[in-house]
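Below, each chain spelled out in residue letters.
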Amino acid sequence: MTQFALVIDLNVCVGCHACVTNCKQWNTGGEAGPLADLNPYGKDPNGTFFNRILSYEVGTFPNTETWYLPKSCLHCEDPPCVPVCPTGASYKRKSDGIVLVDYDKCIGCKYCSWACPYGVREFDEERKVMTKCTLCVDRLYDTSLPESRRKPACVLACPAGARIFGDIHDPDSEVSRRIREEGGFQLMPELGTRPANHYLPRSKTVLPIDEAQVVRAENPLRHDEAPHATGLQPIEEEMG
Amino acid sequence: MRPAFSVLFLTTLIGAAQGAAIILYALFLAKGSGPDAPLAFYLTTGGVSLLLLAAGLVASFFHLGHPERAWRAVTCWRTSWLSREVIVLPLFGFAELLWLLLLWQGDWRAAAAWGSVMAFLAIALYVCTGMIYAAVKVLREWAHPITVVNYLLMGVASGALLTAGIAEGLAPAVAPMLAKAALWLTLIALVGRGVSLWRNARIPPYSTARAIGVHHQRIRQISQGSMGGNYNMREYFHGQPPEVVRAVLIAALGAGFLAPVVLLLLGVPALLVFLLQYGGLLAERWYFFAEARHPQNLYYQVV
Amino acid sequence: MYEASEPIRNGVKATTCYMCACRCGILVHVQDGKVRYIEGNPDHPLNAGVICAKGGSGIMKEYSPARLTVPLKRRQGAERGKGEFEAISWEEAFAILEERLARIRATDPKQFALFTGRDQMQALTGLFARQFGTPNYAAHGGFCSVNMAAGMIYTIGGSFWEFGGPDLEHAKLFVMIGTAEDHHSNPLKREISAFKRRGGRFIAINPVRTGYAAIADEWIPIRPGTDGALFLALMHELVRLGLYDRDFLIRYTNAAFLVNQDPDSPDYGLFVRHPEGAIINPLRPHNFAWWDKNKGCAVPDHSAQCDPALFGAFQLADGTPVKPAFQLLWERLETATPQWASEITGIPAERIRRLAHEMGVVARDFQLELPIAWTDWWGEKHDRVIGRPVAFHAMRGLAAHSNGFQTIRALALLMTILGTIDRPGGFRHRAPYPRAVPPNVRPPNGPEAVAPNSPLKTAPLGWVEFPEDLAVDEEGNPLRIDKGFSWEHPLSAHGLMHNVITNAWRGDPYPIDTLFLFMANMAWNSSMNTAQVRRMLTDKRPDGEYKIPFLVVCDAFYSETVPFADLVLPDTTYLERYDCLSLLDRPISEFDGPVDSCRVPVVEPPAGVKPFQEVLLELGYRLKLPAFTNPDGSRKYADYPDFIVHFETQPGSGIGFLAGWRGENGDLALRGTPNPSQWKRYEEHGCVFHYKLPPGMRYMRNWNRDYLKWAQEVGFRRDFDPITIHLYSEILQRFRLAAQGKRPGRQPPEALRERVARFFDPLPFWYPPIEDEQTDTQRFPLRALTQRPMAMYHSWDSQNAWLRQIHTFNFLYVHPETAKAAGIADGGWMWVESRWGKVRCLCRYSEAVEPNTVWTWNAIGKAAGAWNLSPDANEAKQGFLLNHLISEELPFGAGRISNSDPITGQAAWFDVRVRIYPATPGEPKESWPQFDPQPEAIPGMVERPKRVVAYHLTKGVME
Ligand SMILES: Nc1nc2c(c(=O)[nH]1)N[C@H]1C(S)=C(S)[C@@H](COP(=O)(O)OP(=O)(O)OC[C@H]3O[C@@H](n4cnc5c(=O)[nH]c(N)nc54)[C@H](O)[C@@H]3O)O[C@H]1N2
Ligand SMILES: Nc1nc2c(c(=O)[nH]1)N[C@H]1C(S)=C(S)[C@@H](COP(=O)(O)OP(=O)(O)OC[C@H]3O[C@@H](n4cnc5c(=O)[nH]c(N)nc54)[C@H](O)[C@@H]3O)O[C@H]1N2
Ligand code: SF4
Ligand code: SF4
Ligand code: SF4
Ligand code: SF4
Ligand code: SF4
Ligand SMILES: [Mo]
């Protein structure tokens with residue numbers, strides 16, 4: 001069974017919001033749209049977006065890490081949002097695991113969004129229905145698109161290549177491999193929702209340099225008879 | 001959570017309606033062979049109960065984005081407590097109406113039998129309503145059987161008080177007994193609510209570290225990418241300062257439980273006490289929402 | 001549902017994005033003449049299919065209610081700045097301009113000043129100014145990053161910014177300094193991410209940790225304005241330990257060139273010329289001298305079998321004392337110890353040392369070798385290209401300080417001594433760079449260059465090499481209204497746009513008549529001291545005339561500047577016009593060869609707008625400017641596309657704006673006769689032309705013989721000579737000598753002698769930002785910075801319904817301890833005050849900022865009513881503009897001088913010093929200053945949707 005998902009590489013996400021507006025762009029004009037914007041040119045503008053970037057600071061100066069967390073529906077394998085829906089408008093597709101809302105059935109009771117721990121469902125105030133990330137399902141199977149573009153809009157947009165799309169049930173897929181190899185994790189896994197979307201953690205590259213490496217045997221200073229080269233002598237001798 | 005007024009009215013109104021029905025039926029049964037209160041009392045109280053039920057239903061529609069599609073909500077009774085509520089609520093109303101008809105017809109035997117169906121549906125409706133909240137696992141303040149129990153206790157208590165109030169006018173004979181029942185039920189409801197308050201105060205907060213998958217003691221949100229707000233900020237934050245929340249809690253406990261007990265003891269007319277209690281229960285319901293801390297809020301702490 | 005594929009492809013057109021100046025390739029899906037979807041063009045070399053937050057919001061720009069749609073004239077009798085306009089026809093607009101500009105051109109062309117903001121058509125606007133005959137032309141570079149361009153071009157013949165960049169494909173260590181978003185937005189993100197995935201180590205040096213720095217392996221917080229000291233200390237450590245690339249320094253830089261050390265000589269501090277040396281280029285002789293340690297005498301540079309000295313003091317045969325330039329550099333570095341720099345930068349000395357070691361060891365021990373054969377300028381054949389995989393990138397964190405030029409020179413030297421210039425894994429040039437040091441374009445150098453009814457003989461902007469190149473008169477007074485290329489800022493290669501309004505208002509150096517602003521929001525975010533500048537625009541002379549009598553603004557949107565205009569020319573958007581990103585300007589070249597690109601219209605513009613290009617062509621024709629008119633007075637080019645196809649830099653040069661598909665059949669590249677189907681060919685190829693150099697010409701281009709030959713043939717270079725790295729800058733020394741009175745020829749006015757002598761140091765040095773020297777730093781202990789938000793472009797995206805939801809207003813980010821010490825609460829209202837002004841704003845605590853620094857996102861705050869936002873929009877009520885705190889001038893002697901780098905005139909945005917304190921509880925909870933709302937209804941502008949918009953072509957509402 002297929003379970004499509006996004007894997008988001010926090011190691012390279014720079015919090016640029018490309019995924020946010022390109023998601024909006026694709027979806028407002030697509031099957032999932034239109035997505036309303038309220039007070040678009042006035043006070044407190046706000047609207048329906050399927051994907052948002054949160055930022056956090058971890059630690060204290062100077063050991064601060066700045067974290068960006070792109071967050072959209074995680075297409076949980078055990079999605080609490082689905083069974084609570086009284087109309088069946090919220091459903092999870094058996095074929096590919098995508099969790100969707102059928103706008104024609106949704107009565108806008110918002111109950112599904114209560115059940116979702118992640119705050120990723122957004123009620124569209126204009127259409128009065130619940131909306132959320134569709135994994136751009138209207139791109140995935142569109143054979144009129146070139147194969148390489150049959151991916152979510154946010155994935156194609158992401159300048160850092162931080163968003164990877166694929167089937168996490170296929171152990172050979174890139175997403176599965178990266179989850180496995182790079183320690184992919186889920187958000188609040190203890191809640192039992194089994195999110196399909198995973199995140200890849202930050203990793204640090206360090207270059208330990210030891211003192212002996214610093215002064216090379218073939219030091220140009222000796223050749224150059226630099227006025228300060230004397231200061232190096234002891235180390236050079238040590239290194240033979 | 002942000003208290004949704006439609007839901008506050010819905011749950012409190014139908015809670016009282018169901019309570020009244022249950023109390024009426026109990027009163028009816030207590031006599032066994034026939035009512036010792038005038039039929040008018042039964043019919044009036046039942047009618048009021050039905051009105052409250054209808055009012056609750058109307059209120060609930062305000063909660064829906066697409067009320068015209070509300071009928072669709074019956075389709076998912078296998079999984080959704082909301083769907084079950086949507087089914088049980090009219091069934092209960094229908095059962096109550098039928099029961100009143102039977103009373104009106106004077107078919108006591110049938111009324112006794114059918115009343116048990118009605119009472120069962122009333123209780124089922126409490127369960128459905130309570131479970132709507134208790135089934136939301138992530139809202140740990142709600143996700144406990146005590147939530148269902150409390151819906152039942154508070155509903156029955158307010159129903160009893162309503163019944164007692166009407167009885168003071170139409171069936172003075174049973175009024176003191178009903179008032180006493182209301183008093184005790186209110187006290188029991190207070191205990192139930194007290195238990196949940198006590199429990200909720202002990203729930204550890206969700207941790208941002210788990211929410212974002214970073215393991216560190218000190219994590220602060222800096223932004224959420226939607227400075228003008230969004231649905232998730234509107235729906236899950238009551239937006240009131242702590243003082244207001246405390247005040248509402250005090251009002252809820254005072255008006256919803258303590259004052260009614262005292263006033264009933266002082267002999268204040270039960271209908272007045274009911275109105276006061278109803279206000280208190282509205283406050284209680286408001287607080288019920290406000291005290292529920294949704295884990296999604298961890299993602300929306302700072303604009 | 002959902003499975004159905006939507007018929008969106010009823011029109012997909014490739015063009016080039018212009019939601020910012022990065023210029024990614026995009027595919028625009030159009031349906032029924034409306035834009036459905038904009039995606040990155042996967043076949044484009046710059047973005048390879050990705051697109052950013054702004055690029056993905058193009059639809060909301062195209063359909064923004066802030067668009068201007070008709071030419072506007074200030075209503076008769078209405079006060080300037082009130083935005084009271086009447087709609088006029090284009091014919092009337094042209095007639096007004098023609099009459100006025102013809103008069104100016106016939107009398108004193110200087111009276112017309114054309115300044116352009118974040119545009120990308122300086123080749124055309126510059127041509128227009130030159131043809132008009134005014135030196136008063138510049139684009140945004142002077143207030144943007146000219147320090148970066150000049151600091152590096154005067155050193156290595158190329159620079160970060162559009163002219164070169166870090167080769168992250170090969171690098172192992174990447175050090176990014178003072179960069180938030182950069183000009184190369186999308187490519188940089190792609191490259192950093194790929195670099196990190198390959199296991200490269202990424203260090204960010206920045207007072208603030210956001211964006212790119214967030215994902216750095218290590219963040220080194222630094223006090224603003226102190227990077228120069230850090231670079232000197234890093235070099236100190238590298239030279240001290242012998243971690244420099246000796247072979248590179250000797251062969252490719254002037255490190256071993258002998259410098260005259262006789263203080264009495266007129267050539268003091270200049271390179272010794274060897275009489276037997278090869279001159280190579282008579283226009284710029286190359287006969288330098290090395291000290292041969294074997295022979296014990298001076299020999300021509302690059303002599304075979306010579307063992308040149310890098311250190312030491314010697315005497316020439318005639319007794320002249322000389323030292324190799326590297327010796328002089330070491331003398332400079334000797335005291336610049338990590339300990340010294342630590343106190344200035346706030347970075348622990350041990351960390352500085354470790355950083356130097358990392359750089360030096362990686363450069364040495366991870367040496368790369370690419371099996372690519374090439375020949376150097378001196379004819380030596382190399383069978384491989386060597387790389388030192390330490391890459392740097394820096395941008396305005398260095399540039400936007402008044403010590404930026406020397407700081408950036410120091411960085412260029414650091415990169416040089418590590419041996420990383422135009423080598424794999426280091427810094428790589430982008431065509432047409434590398435160019436001569438400095439490039440061979442000179443600005444007009446005296447009043448005689450400006451004459452009525454005649455074009456300038458040179459381009460208005462250029463590169464100064466000698467004091468004689470300065471744009472000054474006999475007395476040394478500035479020729480230009482912005483005082484560019486004057487003794488105040490001699491190497492101001494991009495002009496000083498930030499001083500134009502103030503200078504014109506004051507009539508210093510002279511009053512002007514018409515100020516024409518294209519694509520610049522000078523009444524807001526591109527001015528310092530904004531509130532005053534707004535006043536200057538409305539200030540009048542005693543006779544009732546405005547001090548700046550006529551202001552023309554060409555913009556596409558209702559910016560803060562529009563209300564001040566006497567004449568408003570509505571422009572098209574980037575989706576509605578032809579445009580080209582030319583090699584004559586700032587192309588989007590890649591490391592492996594030149595790339596240029598263009599835009600083609602994908603949707604119809606509103607009826608009343610006209611592309612600015614067409615406006616210039618029309619004006620050029622009406623004013624009979626030679627480039628736009630036939631000798632018989634008829635119009636030379638039908639329209640802009642026609643102009644682009646047929647214009648040649650010189651008759652028959654074969655060089656035009658677009659370099660691809662030239663020649664009658666379109667089979668020539670870079671040079672060739674005009675090709676009438678050129679636009680078509682570009683359209684067929686995604687609007688981009690990428691010329692890939694053969695591998696042997698992709699590296700070491702400063703000295704790569706084949707490349708240099710080719711570069712001359714295709715017209716990138718005038719001369720055929722090597723581009724030696726100016727570790728030691730003789731050019732700067734010449735200005736110093738002039739200032740010291742030791743040099744014949746032009747000398748600065750007395751008042752400026754000391755300044756020029758001080759800052760024109762041939763070797764980089766660190767001095768505190770100039771504002772510090774004049775400021776009580778106890779009283780103003782903090783420095784205030786701005787950063788570019790990735791999801792906003794300057795001031796112009798608040799009209800974008802999607803982008804403004806992300807940055808609706810801005811906070812001042814303050815370290816919690818700093819804020820608490822001042823008694824300011826997180827999220828509370830506060831004041832931030834400099835010597836020049838104060839601003840009330842909202843505070844946000846942040847652990848990701850150095851405690852002596854406060855910062856905010858740039859240009860989020862807006863004037864009430866601007867951009868057709870409602871006057872109570874958050875941008876106006878909670879947002880704020882930091883520019884109110886920054887002065888465009890500093891006291892100087894008895895007068896004032898631009899608040900800029902003293903060498904290049906780069907605006908010193910990031911020098912400002914501030915103090916902070918809480919707002920009192922009774923104060924209004926809104927930002928300050930507030931301005932009277934701009935009128936909400938001006939002719940041609942639609943009423944803004946009040947409650948909701950939802951964009952969908954077929955189902956949707958656009959209320
Ligand atoms: N405090 C502070 N101030 C700064 C800076 C800083 O770091 N800190 N940075 C400075 C720098 S580097 C720069 S480059 C400047 C940028 O400053 P400006 O060059 O003034 O840039 P924008 O604010 O983008 O304004 C450009 C104008 O172009 C208009 N425009 C947009 N598209 C079009 C078009 O297609 N045609 C026409 N005709 N007009 C169009 C916009 O509406 C806007 O009015 O800001 C400077 N100001
Ligand atoms: N999204 C978006 N992209 C843009 C623009 C935009 O407005 N929006 N503008 C474009 C333009 S015109 C320009 S000029 C470029 C500018 O691109 P950048 O140079 O990246 O722009 P700034 O945001 O000015 O970044 C300055 C950085 O330097 C840091 N800094 C300030 N002072 C110092 C210092 O003394 N030392 C060090 N080490 N760091 C310091 C600041 O914290 C900040 O991170 O961006 C271009 N790209
Ligand atoms: S587009 Fe990519 S890098 Fe940018 S915020 Fe989204 S995930 Fe992060
Ligand atoms: S993330 Fe939320 S909305 Fe998405 S499937 Fe999981 S529970 Fe449902
Ligand atoms: S809002 Fe719509 S999708 Fe959500 S639970 Fe209600 S009916 Fe289902
Ligand atoms: S998968 Fe599609 S719908 Fe989901 S966040 Fe990405 S772009 Fe938006
Ligand atoms: S970086 Fe973004 S806005 Fe700039 S050109 Fe590229 S896609 Fe367009
Ligand atoms: Mo800039």
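See the structure printed just above.
Bear in mind that the values here come from a model prediction, so they are computed numbers and not experimental data.

1. Describing the overall build of chain C
Okay, step 1: A tally of regular secondary structure across chain C gives 26 helices and 37 strands.
Okay, step 2: Computed over C-alpha atoms, the radius of gyration of chain C comes to 27 Å, within 12% of the 30 Å expected from 2.2 N^0.38 for 959 residues, which places it in the range of a compact globule.
Okay, step 3: When its C-alpha atoms are laid out on the principal axes, chain C stretches across 85 × 70 × 70 Å.
Okay, step 4: Taking all 959 residues of chain C together, the buried fraction comes to 72%.
Okay, step 5: In the structure as shown, chain C presents an accessible area of about 27800 Å², 51% of it carried by carbon and sulfur atoms.
Okay, step 6: Of the side chains in chain C, 106 bear a positive and 111 a negative charge, and the two mean positions are spaced by 2 Å.

2. Focus on the nonpolar core
Okay, step 1: Grouped together as the largest cluster of nonpolar side chains are 477 residues, with contacts concentrated most on Tyr299(B), Phe326(C), Phe392(C) and Phe643(C).
Okay, step 2: In terms of residues, this core owes the most to one element, helix α1 (residues 5–31) of chain B, which gives 15 residues.
Okay, step 3: Here this core spans two domains, and each of domain 1 (10–162) and domain 2 (209–240) of chain A adds at least three residues to it.
Okay, step 4: Apart from the residues lying within four places of it in its own chain, the contact partners of Phe326(C) are Val239(C), Tyr244(C), Leu249(C), Ala255(C), Leu310(C), Phe311(C), Ile417(C) and Leu727(C).
Okay, step 5: The next biggest cluster of nonpolar side chains, apart from the first, holds 18 residues, and it includes Leu168(C), Phe174(C), Ala204(C) and Met790(C).

3. What to know about the interface of chain A and chain C
Okay, step 1: Contact with chain A, which involves 91 residues of that partner, is made by 98 residues of chain C.
Okay, step 2: With both chains or domains summed, chain A and chain C bury close to 7800 Å², and 54% of this area falls on carbon and sulfur atoms.
Okay, step 3: A per-residue breakdown of the area chain A buries against chain C is headed by Gln25(A), Tyr41(A) and Phe61(A), which together make up 12% of the total.
Okay, step 4: Notably, a salt bridge pairs Arg149(A) with Glu39(C), separated by 3.1 Å at the nearest N-O pair.
Okay, step 5: In this assembly, chain A and chain C are joined by 41 residue pairs in polar contact (both at pLDDT 80 or more).
Okay, step 6: Sorting elements by how many residues they give to the side of chain A that touches chain C places helix α1 (residues 18–28) of chain A first, with eight residues.

4. A look at the pairing of strand β34 (residues 889–892) of chain C
Residues and elements named next belong to chain C.
Okay, step 1: Pairing of β34 with strand β35 (residues 895–898) involves four bridges; the strand directions are antiparallel. Among the inter-strand pairings, phenylalanine 892 is bridged to a residue of β35, identified as glycine 895.
Okay, step 2: The turn joining β34 and β35, which pair antiparallel and follow one another in sequence, is formed by two residues; a positive phi near 55° is taken by glycine 893.

What counts and what doesn't
Residues numbered from 1 in each chain as written. Chains lettered and ligands numbered in written order. Predicted model: local features only at pLDDT ≥ 70, side-chain atom pairs only at ≥ 80, totals over all residues. Heavy atoms only, no water. Helix = DSSP H or I, 4+ residues; strand = E, 2+ residues; numbered from the N terminus. Rg over C-alpha atoms; globule rule 2.2 N^0.38 Å. Buried < 20%, exposed > 50% of the residue type's maximum accessible area, 1.4 Å probe, protein only. Areas by Shrake-Rupley, 256 points an atom, 1.4 Å probe, with all protein chains shown as cover. Lys, Arg positive; Asp, Glu negative; His and termini not counted. Charge placed at Lys NZ, Arg CZ, Asp CG, Glu CD. Core = buried A, V, L, I, M, F, W, Y, C linked by side-chain atoms within 4.5 Å. Domains from an automatic or database assignment. Contact = heavy atoms within 4.5 Å. Buried area = accessible area lost by both parts, 1.4 Å probe. Salt bridge = Lys/Arg side-chain N within 4 Å of Asp/Glu carboxyl O. Polar contact = N/O pair within 3.5 Å; in protein donor to acceptor, adjacent residues only side chain to side chain. Pairing = 2+ DSSP bridges.

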